[in-house]
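# Summary of structural features
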Amino acid sequence: MKKILIPVMIVCSFFLISSPANAAGKPGFDGKEIRIAQWGPQTGPAAPWGSVARGSDILFKIVNDEGGIHGRKIKYFIRDDQYNPAQTKAVVKELVEREGIFAFVGGVSAASGMAVKDYLAQNKVLWVGPSTAVIEYVFPLNPYLFAVYPLYEDEASILTKYAVQKMGIKKIAFFYQNDAYGKSGLKGCKSRMDAFNMKLVEEISVEPGEKDLSSQMMRLKSSEAEAVIMWVNPTSAAIALKTCATIGFKPQWISSNTLSDYALMNKITGGLWEGVITGAFALPPTSGDPLMTKYREAAKKYAPEERWGTFYLAGILFAEPLIEALKKVGPKLSTEACLQKLNSLKNFQGVGPMINWSSQVHQGSDSVMIHKCGPNSTYITLEGWTSNEMASWKTK
Amino acid sequence: MIEQLIIEGLAVGACYGLFGVAVAIIYKTSDVVNFAQGEMGMIATFVAFHVLTVYNVPFWLAFILTTAFAILLGMLIEFCFLRPAKDPTVLGFIIITLGAEMLLMGLAGWKWGAEQKDFPFLLSVQKMHKIMPGVVLNEWSIGVFVLSILIMIFLFLFFRFSKLGIAMRATQQNVNAAKIMGIKVERVFSITWAMSSLIGAVAAMFFAARSVLDPNFMMEPFMRAFAAAVLGGLASIPGVVVGGLLMGIIENIFGYVWPEWKPIVAFVVIVIVITIKPSGLFSKHYVKKV
């Protein structure tokens, strides 16, 4: 019995160990469909950002209704990772090895992305338009990862330049989240301030979960800052503005694009968001641009229950370049062919910034728009697409 | 500037104290540290939000409905989660309350979603009164101070002079003796949870008005309120309130000088206090429970 059992166990073990690699070898498409996927927090603390993944679905539905891409329809998978990198790894592995995925788009959370980027590259799965700006995604070069999102460092530099040059502000303070996101913004702001030969009057960090910011806001007030640039999450921003209202401190608030959902921000600040200036990685959701109008109408048709906001729109924006590359590939689809088209994508612009990729640089853009929150959460465009001429990665 | 820092510290500290009292009441009566306290307050605040925004009722009516809901919620959790447990250990109680916490958080996420909301509170943080040159006091702070004082006075009188309050104290000291004396201890526990839930709900509404409302909004305030309660002494209700006030002031002054260290100062203070005086600053005797 032993003689039979041991070889059987060895054979079974071999299949168990080897099966994921075999499954990962699936091409992610066939003659009828191209399988595209995205992870995102549909439940849990970061669920508001889950609309990014649902937003991408609108673009794929439009493409499918228009006949697909060279006869192939897009089959789209969304998986809830609850903003938990361990969960992200599990869902990505399941999608790649069980479903066979051609490409991922979007994908909220830097930590989640960092947890799976090497796995995706090892399995030659494309990842286009991560939903966050992380310099480690693109430097050193990851051949399968293409970033759309402008880096926070560039955005902070552009906003600081605007505050100093266009608004004539002399005293600027920086209020940031104590993590990679906040520190990237601080770095960009400081590099621009150095170029102007200026210094920040104050720089204050905050932990993401802090609910009482009175001492930090008192300190900002003491600095007599005319403008405060903030690189924080929506909750911290709302508490900061409310706290400042209680102590009678009214600077010009400037923030990253992560707080550019004016309807949401105005709602959670009780109307205090009006007048805040933010960066933006997309045209205003209410823009009359023909492409934006097309997307807005499609969203009404396909997902009338969804709020047409910045995050939802972002899901479309992050997926646009992949669709463009797939169209350019033609009927003879392969990962290599798509890679070649992505690597040679030049001056592509949908509703986001202009994208330029090469085989050496996969950071697609260094540009943001500058908007201001007007009455009733309207978007006032202060500056169109503006690039960061000081972008450090361009010189690498 | 220092005066304003102290006022802000006292205001948020009073809120910590109020919430800490909710934790302490249950602890005093049943030796249970209720880790679901924050989420009980969160659910009650969501109910207030729902009633206010969906049914557009006046705030006072929403407040009354919410307090009624909070009372029922407290009794329900005690009845459904704590009472069926057969001779649980302290660890068992902790696990039960943690389970209740997760259940309530999941329920709120399912019903109201995870997107942040602005809680339309009666007292505005933006309406200010100048009390001396360079120092302002907003309506929210006034509300917290007044309410904390009223609840303190009520609890003092309740535990000192009312039959039920004395029964609660007796139950805490010796459950079996209380039973022999004819006290219906299960009813006492139920009322204790109801009172605690009510006070917690009121404090949570104050917290929500100052920050934003989402299913996670009470996690951090609960930790700080619990820290304040341990600082003052979990077994002493006035001690908990004073602990809260101290915590608010320490955090604000420390946070002003070294902002990056603000999140940990509360916990450093607790470690120091527990090391030097394990029962907390104002508890009269030391019982190893925390």
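Residues numbered from 1 in each chain as written. Chains lettered and ligands numbered in written order. Predicted model: local features only at pLDDT ≥ 70, side-chain atom pairs only at ≥ 80, totals over all residues.

## Things to note about the overall build of chain A
Helix and strand content of chain A: 13 helices and twelve strands. For chain A, whose C-alpha radius of gyration is 23 Å, the value lies close to the compact-globule estimate of 21 Å for 396 residues. With respect to the three principal axes, the spread of C-alpha positions in chain A is 80 × 55 × 45 Å. Out of the 396 residues belonging to chain A, those deemed buried represent 53%. (Helix = DSSP H or I, 4+ residues; strand = E, 2+ residues; numbered from the N terminus. Rg over C-alpha atoms; globule rule 2.2 N^0.38 Å. Buried ≥ 20, exposed ≤ 12 C-beta atoms within 10 Å, placed from the backbone.)

## Details of the overall build of chain B
Helix and strand counts for chain B come out as eleven helices and two strands. For chain B, the N- to C-terminal ordering of α and β elements is α-α-α-α-β-β-α-α-α-α-α-α-α. Relative to the 2.2 N^0.38 estimate, which gives 19 Å for 290 residues, the radius of gyration of chain B is 19 Å and therefore close to what a compact globule would have. C-alpha extents for chain B along the principal axes are approximately 60 × 50 × 35 Å. Here chain B holds 290 residues, and the buried ones make up 50% of them. Within chain B, residue pairs in contact and separated by at least 24 positions form 72% of the contacts whose partners lie at least 6 positions apart. (Contact = placed C-beta atoms within 7 Å.)

## A look at the sheet that holds strand β6 (residues 172–177) of chain A
All names here are of chain A. Spatial strand order, β7-β6-β8-β9-β10-β11-β12: seven strands in an open sheet with mixed pairing. Whereas interior strands pair on both sides, the edge strands pair on one side only; in this sheet they are β7 (202–206) and β12 (379–387). Along the sheet, successive strands turn relative to each other by an average axial angle of 20°, direction set aside. Across the sheet, helix α7 (residues 180–195) lies against β6, β7 and β8 (227–231), angled at about 160° from β6, the strand it touches most. (Pairing = 2+ DSSP bridges. Axes fitted to C-alpha atoms, helices over the stretch in contact; angles between N-to-C directions.)

## Description of the domain arrangement of chain A
Residues and elements named next belong to chain A. Domains assigned within chain A are domain 1 (19–150 + 287–365) and domain 2 (152–280 + 370–395). A straight line from the C-alpha centre of domain 1 to that of domain 2 covers 29 Å. Counting from both sides, the interface comprises ten residues of domain 1 and, opposite them, eleven residues of domain 2. Class assignment for the residues of the side of domain 1 that touches domain 2 results in seven nonpolar, three polar and no charged. (Domains from an automatic or database assignment. Nonpolar A, V, L, I, M, F, W, Y, C, P; charged D, E, K, R; others polar.)

## What to know about the interface of chain B and chain A
In this complex, chain B contributes 33 residues to the contact, which on the side of chain A involves 33 residues. Of all the elements in the fold, those that place two or more residues in the side of chain B that touches chain A are α1 (2–30), β2 (135–138), α8 (185–210), α9 (219–232), α10 (237–257) and α11 (262–276) of chain B. Grouping the amino acids of the side of chain B that touches chain A by side-chain chemistry returns 14 nonpolar, ten polar and nine charged.

## Thoughts on the nonpolar core
Core analysis: the largest hydrophobic core is formed by 215 residues, its most contacted members being Ala103 and Phe175 of chain A together with Cys15 of chain B. Residues lining this core come from more than one domain, with at least three contributed by each of domain 1 (19–150 + 287–365) and domain 2 (152–280 + 370–395) of chain A. When near neighbours in sequence (up to four residues on either side) are disregarded, Cys15 of chain B contacts Val144, Ala203, Phe206 and Phe207 of chain B. (Core = buried A, V, L, I, M, F, W, Y, C linked by C-beta atoms within 7 Å.)

## Some remarks on helix α5 (residues 139–161) of chain B
Residue and element names in this part refer to chain B. Across its 23 residues, α5 extends 33 Å between first and last C-alpha, which sits within 8% of the 33 Å expected from 1.5 Å per residue. The set of residues buried in α5 consists of Trp140, Ser141, Gly143, Val144, Ser148 and Ile151. At its buried positions, α5 is contacted by α1, β2, α8 and α10. (Expected span 1.5 Å × (residues − 1).)

## A closer look at the environment of Tyr149 of chain A
Residues and elements named next belong to chain A. Its location among the elements puts Tyr149 in the loop between β5 (145–146) and α6 (152–166). Spatially, the C-alpha atoms of Tyr149 and Ser131 are 6.8 Å apart, while their sequence positions differ by 18 residues. In contact with Tyr149, other than residues within four places in its own chain, are Pro130, Ser131, Thr132, Ala133 and Phe281.

## Notes on the sheet that holds strand β3 (residues 103–105) of chain A
Residues and elements named next belong to chain A. Here we have five strands laid out as an open sheet, ordered β2-β1-β3-β4-β5, and parallel in their pairing. Both edges of this open sheet fall to β2 (73–80) and β5, since each of them pairs with a single strand only. Sitting on the sheet, helix α12 (residues 310–329) touches β1 (33–40), β3, β4 (126–128) and β5, and the angle it makes with β3 is about 150°.

## A look at unusual backbone geometry
With an omega of 0°, the peptide bond between Phe139 of chain A and Pro140 of chain A qualifies as cis. A positive phi is found at Asn347 of chain A, a non-glycine position, where the angle reads about 50°.

## Details of the pairing of β12 of chain A
Successive side chains on a regular strand alternate, one facing one side of the sheet and the next facing the other. All names here are of chain A. Two elements, strand β11 (residues 367–373) and β12, share six bridges in a ladder whose sense is antiparallel. If you follow Val368 over to β12, its bridge partner there is Thr386. Here β11 folds back onto β12, and the loop between the two strands holds five residues, one of which, Asn376, carries a positive phi near 55°.

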